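Here are the chains, one letter per residue:
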Amino acid sequence: MESIIITIDGASSTGKSSLAKAIAKHYGFKHIDSGAMYRALTLYAQDHNLLNDHKFDVDTLIDHLPTIDIDFTNADEITLNGKIIEDQVRSMEVSNKVSLVAKEPLFRQFMVAKQRQLGEKGNVVMDGRDIGSVVFPNATIKFFLEASMEVRTNRRYEELIEKGEQVSVEEVHANIAKRDHIDSSRDDSPLIIPENAIVLSNDKEGLTGLFNIATAEIDIHLR
Ligand code: CDP
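How each quantity is defined
- Residues numbered from 1 in each chain as written.
- Predicted model: local features only at pLDDT ≥ 70, side-chain atom pairs only at ≥ 80, totals over all residues.
- Heavy atoms only, no water.
- Pairing = 2+ DSSP bridges.
- Helix = DSSP H or I, 4+ residues; strand = E, 2+ residues; numbered from the N terminus.
- Contact = heavy atoms within 4.5 Å.
- Axes fitted to C-alpha atoms, helices over the stretch in contact; angles between N-to-C directions.
- Parallel < 35°, antiparallel > 145°, perpendicular 65-115°, else oblique.
- Left-handed = near helix turned anticlockwise from the far one by under 90°.
- Nonpolar A, V, L, I, M, F, W, Y, C, P; charged D, E, K, R; others polar.
- Near = heavy atom within 4 Å.
- Polar contact = N/O pair within 3.5 Å; in protein donor to acceptor, adjacent residues only side chain to side chain.
- Areas by Shrake-Rupley, 256 points an atom, 1.4 Å probe, with all protein chains shown as cover.
- 1 Å grid on protein atoms, 1.4 Å probe; cavity = no way out; pocket = protein on both sides within 12 Å on 5 of 7 lines; lining within 4 Å.
- Points joined across faces, edges and corners; volume = space filled by probe spheres on them.
- Salt bridge = Lys/Arg side-chain N within 4 Å of Asp/Glu carboxyl O.
- Buried < 20%, exposed > 50% of the residue type's maximum accessible area, 1.4 Å probe, protein only.

(A) Main features of the sheet that holds strand β4 (residues 78-80). Strand order in the open sheet formed by three strands is β3-β4-β5, and the pairing between neighbours is antiparallel. Looking at which strands have only one partner, the edges of the open sheet turn out to be β3 (70-72) and β5 (83-84). Examined bridge by bridge, β3 and β4 share three bridges and lie antiparallel to one another. Residue pairing for β4: F72 is matched across the bridge by I78.

(B) How the structure looks around the environment of F136. Its place among the elements puts F136 in the loop between α7 (131-135) and β7 (141-146). Contacts of F136, omitting those with residues within four sequence positions, involve I5, T7, Q115, R116, G119, M126, I131 and K142.

(C) Geometry of the packing of helix α2 (residues 34-47) against helix α6 (residues 105-119). Interhelical geometry of α2 versus α6 gives an angle of 135 degrees and a closest axis separation of 11 Å. Compared by their axis directions, α2 and α6 come out oblique. Read as a crossing pair, α2 and α6 show a hand that is right-handed. For the pair α2 and α6, contact is made by S34, M37, Y38 and L41 and by F107, R108, M111, K114, Q115 and L118, respectively. Per-class residue counts for the contact of α2 with α6 are six nonpolar, two polar and two charged.

(D) Region of the structure containing the site of the ligand. In the vicinity of the ligand there are 19 residues, among which S12, R39, R108, D183 and R186 approach most closely. Interatomic distance of 3.1 Å between a backbone N/O atom of R129 and a nitrogen atom of the ligand. With respect to the ligand, the side chain of D183 contributes an N or O atom lying 2.6 Å from an oxygen atom. When the free accessible area of the ligand is taken as 520 Å², the share hidden by the protein chains comes to 97%.

(E) Main features of the sheet that holds β7. Taken in spatial order, the five strands make up an open sheet running β2-β6-β1-β7-β8, and their pairing is parallel. Both edges of this open sheet fall to β2 (30-33) and β8 (198-201), since each of them pairs with a single strand only. The average undirected angle you get between the axes of adjacent strands in this sheet is 20 degrees. Here α6 sits on the sheet in contact with β1 (5-10), β2 and β6 (124-128), set at roughly 160 degrees to β6. Against the sheet, helix α10 (residues 207-222) contacts β1, β7 and β8, and its axis sits at roughly 165 degrees relative to β7.

(F) Here's a closer look at the layout of surface pockets. The calculated volume of the largest pocket comes to roughly 800 Å³. Taken together, 40 residues form the lining of the largest pocket, with S17, D33, R39, R90 and R156 sitting closest to its centre. Within the residue set of the lining of the largest pocket, elements represented by two or more residues are α1 (16-27), β2, α2, α5 (92-102), β6, α8 (149-162) and α9 (169-185). Residues of the lining of the largest pocket, tallied by class, amount to eight nonpolar, 13 polar and 19 charged.

(G) Broad picture of the pattern of salt bridges. The tally for this structure, following the rule as stated, stands at eleven salt bridges. Here D53 makes a salt bridge to K97, at a shortest N to O gap of 2.7 Å. Taken together, the positions of D53 in the loop between α2 and α3 (58-64) and K97 in helix α5 put the pair 44 residues apart, joining distant regions of the chain. We classify D53 as exposed; its relative accessible area is 65%. Residue K97 is classed as buried on the basis of its relative accessible area of 11%. A network of salt bridges, in which partner residues are shared, links D33, E86 and R90.

So, in structure tokens, the structure goes:
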């Protein structure tokens, strides 16, 4: 069977990772959450006192890059220098700063190289902002997931509350709106609908509906 790369791009909290996980499980593929990689670098910068509300020491973080290993376990959990950091990377503290890290071209180059290395063996589902447009423009099949601001805010609010974070709906809404702005207006690899992508809406379909549409499309390619 030919090696398959499936990309799912879209804005924050549209349900990309849930759909990617379901597709990866169905076909026995690897799921690579590229957003978790930018979050891991953000966590590293915060833990090393290079990034907080008052400063972002880009140059020192660049100097540290050769010592930073961001990877995934066999169970697709994100690791930073060998340590699983699944829960830490989803915090509001990381969410509040990740787009500042992700807009720096040198950090993007670092991630894109790693993402291509992870994807080159094929049979992967990778989700993010620039996966179908920049990282794998020749992917087997590309999806772009959309959802209304209300659906996105409620999804993320409920996820965070379930994990025990103390957040308000307003705070979550403000974070999503701020990241939308930075991610869509940056010079390097802004969020766009990739060429040839199939656009899906999480407003009309729940996860099961999206999964059924996506797998029907993928099955055509696998035949
Ligand atoms: O979980 P959520 O959908 O809110 O975001 P994420 O996929 O974890 O991505 C976190 C942040 O990483 C985004 O807001 C972008 O700033 C950045 N990102 C990116 O620039 N390129 C990607 N391929 C994936 C994420």
